Amino acid sequence: MRIAFNALSVDNLSGRHVLLGHIRQVVAAGGDRHLLLYHAGNRDLADVLGDVLDRVECPSATRGWGRRWWWEASVLPALLRRHGAEALFSPAGIVAPRVPLPQLVLAQNPWCFVPEVQHGSAQHLKAMLQRAAYRAAQGHARLMLFNSDYMRRAYRANAGRDPRQSLLLFQGLEDETFELGREAPPFEARAMEVLVVSVMARHKAVEDVVAALALLRRLGLDATLSLVGPWADQAYERQIRRQIAVLGLARHASVLGQVSRQQLHAHYARARVFCLLSRCESFGIPAVEAQAFGTPCVVADCGAPPEIAGPGGVVVPAGDIESAASALGRLLTDPAWWTDRSAAARRNVERFRWVACSRPLVEWLRQHAQ
């Protein structure tokens, strides 16, 4: 079955990581030669994949949700016919209009299901339109693929029905991450540091982690905090920097921005605990990366992180600063508990090797190619 992978919606590091990981596993499984649709803004996807599949560069006008919808409705059906595609894979969570081929839809964006992260009438309208598009996908997709059970439940609740067929399709880690993680040091060799890795948007609730650090230090714990990752909202970055200054944490909390992969791996190996208190998360790749280094995680009880972190994570109520500080403090100071959680994290992360994550899709394609 010749699959057209529709990468026109892929505009961030997380989306790039997910699509590349699954495409590589599908290609490695053999069979038909597949097709990648991309635009100038994400041409690096095609460059990285090379000639392992056919590639079609689409107009840059396909960038943006509304313009992409129009282009897919008016141009995509004929393009797919010309290139002999037999099915369309979309990582955007929606079906392409007027495409008569079987559509395989990967759902991985929960934003429209979480009202508290939507601000203003324009965002509420966009969320309403997205929910309608997600309902259509639930009804018309040949196969729905969910990157977590949380997303599967959210789509079901939104549509009031199950899809015709669905599979869980987790997100994986590169083998290099596992190899480097094996060398991470034990508790006593690590810094008394809390690590946050993310694209720092408001729904990540970074202010809660900063407040938890302040509470830990008031209790006499010499803890530090590292915030690693780019800022999606510069006003939010200024807010967090002000909070750090007002709480007297300038010497104890570092805003580091985006770093290299090598530096990121060093952070995972040095910190005693990883923290993700996000209000809107369909998976949580950094939490899984941290677990590959044996770093236990503290996560909020929102979205997918409790499911993904598994026994290697400690779940706290969202917005409960005292509970977050308590969990962080124990992991920072209790060697026996940390060692137990670290071992659980390493066991948990084994299920996120790419070959295992993509297997449900690869097997489905193999069955339906016959």
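Residues numbered from 1 in each chain as written. Predicted model: local features only at pLDDT ≥ 70, side-chain atom pairs only at ≥ 80, totals over all residues. Heavy atoms only, no water.

(A) Main features of a nonpolar patch on the surface. A contiguous nonpolar surface patch, about 340 Å² in accessible area, is contributed by Trp-69, Trp-70 and Val-75. With respect to the helices and strands, the residue Val-75 is situated in the loop between α3 (65-74) and α4 (76-82). A residue is classified by how much of its surface remains accessible, and Val-75, at 31% relative accessible area, is partly exposed. (Patch = residues over 30% accessible without salt bridge, like charges linked within 9 Å, V, L, I, M, F, W, Y side chains within 5 Å. Areas by Shrake-Rupley, 256 points an atom, 1.4 Å probe, with all protein chains shown as cover. Salt bridge = Lys/Arg side-chain N within 4 Å of Asp/Glu carboxyl O. Helix = DSSP H or I, 4+ residues; strand = E, 2+ residues; numbered from the N terminus. Buried < 20%, exposed > 50% of the residue type's maximum accessible area, 1.4 Å probe, protein only.)

(B) Structural detail: the side chain of Gln-118. Along the polypeptide, Gln-118 turns up in the loop between β5 (103-107) and α5 (120-140). A distance of 3.0 Å separates the side chain of Gln-118 from the backbone oxygen of Trp-111, its partner in a polar contact. Not counting residues within four places of it along the chain, the set of residues in contact with Gln-118 comprises Trp-111, Cys-112, Phe-113, Gln-123, His-124, Ala-127 and Arg-131. (Polar contact = N/O pair within 3.5 Å; in protein donor to acceptor, adjacent residues only side chain to side chain. Contact = heavy atoms within 4.5 Å.)

(C) Geometry of the pattern of salt bridges. Under the criterion given, the structure shown has 19 salt bridges. The salt bridge partner of Asp-44 is Arg-16, with a shortest N-O separation of 2.5 Å. One end of the pair, Asp-44, is in helix α2 (residues 43-49); the other, Arg-16, is in helix α1 (residues 13-28), and 28 residues separate them in sequence. With a relative accessible area of 32%, Asp-44 lands in the partly exposed category. Put simply, Asp-149 and Arg-152 hold a salt bridge, and the shortest N to O gap is 3.3 Å. Of this pair, Asp-149 and Arg-152 both sit in helix α6 (residues 149-159), three residues apart, roughly one helical turn. The class for Asp-149 is partly exposed, based on a relative accessible area of 25%. If you follow the salt bridges from partner to partner, you end up with Arg-2, Arg-33 and Asp-54 in one network.

(D) Summary view of the sheet that holds strand β3 (residues 54-58). Read across the sheet, seven strands follow the order β3-β2-β1-β4-β5-β6-β7 without closing on themselves; strand pairing throughout is parallel. Across the chains shown, the open sheet's two edge strands, defined by having one partner strand only, are β3 and β7 (166-168). Across the sheet, the axes of successive neighbouring strands diverge by a mean angle of 20 degrees, strand direction being ignored. As paired strands, strand β1 (residues 3-6) and strand β2 (residues 35-39) are joined by three bridges and run parallel to one another. Looking at the pairing, Phe-5 lines up with Leu-36 of β2. (Pairing = 2+ DSSP bridges. Axes fitted to C-alpha atoms, helices over the stretch in contact; angles between N-to-C directions.)

(E) Expanded view of the sheet that holds strand β10 (residues 253-257). Read across the sheet, six strands follow the order β10-β9-β8-β11-β12-β13 without closing on themselves; strand pairing throughout is parallel. Each edge of the sheet is formed by a strand with only one pairing partner; in this case those strands are β10 and β13 (313-316). Geometrically, the sheet is characterised by an average inter-axis angle of 25 degrees between neighbouring strands, direction not taken into account. In terms of strand pairing, strand β9 (residues 224-228) meets β10 through four bridges, oriented parallel. Opposite Val-228, over in β10, you have Gly-257 as the bridge partner. Each of β8 (191-197), β9, β10 and β11 (271-276) touches helix α8 (residues 206-218); the most contacted strand, β9, lies at about 165 degrees to it.

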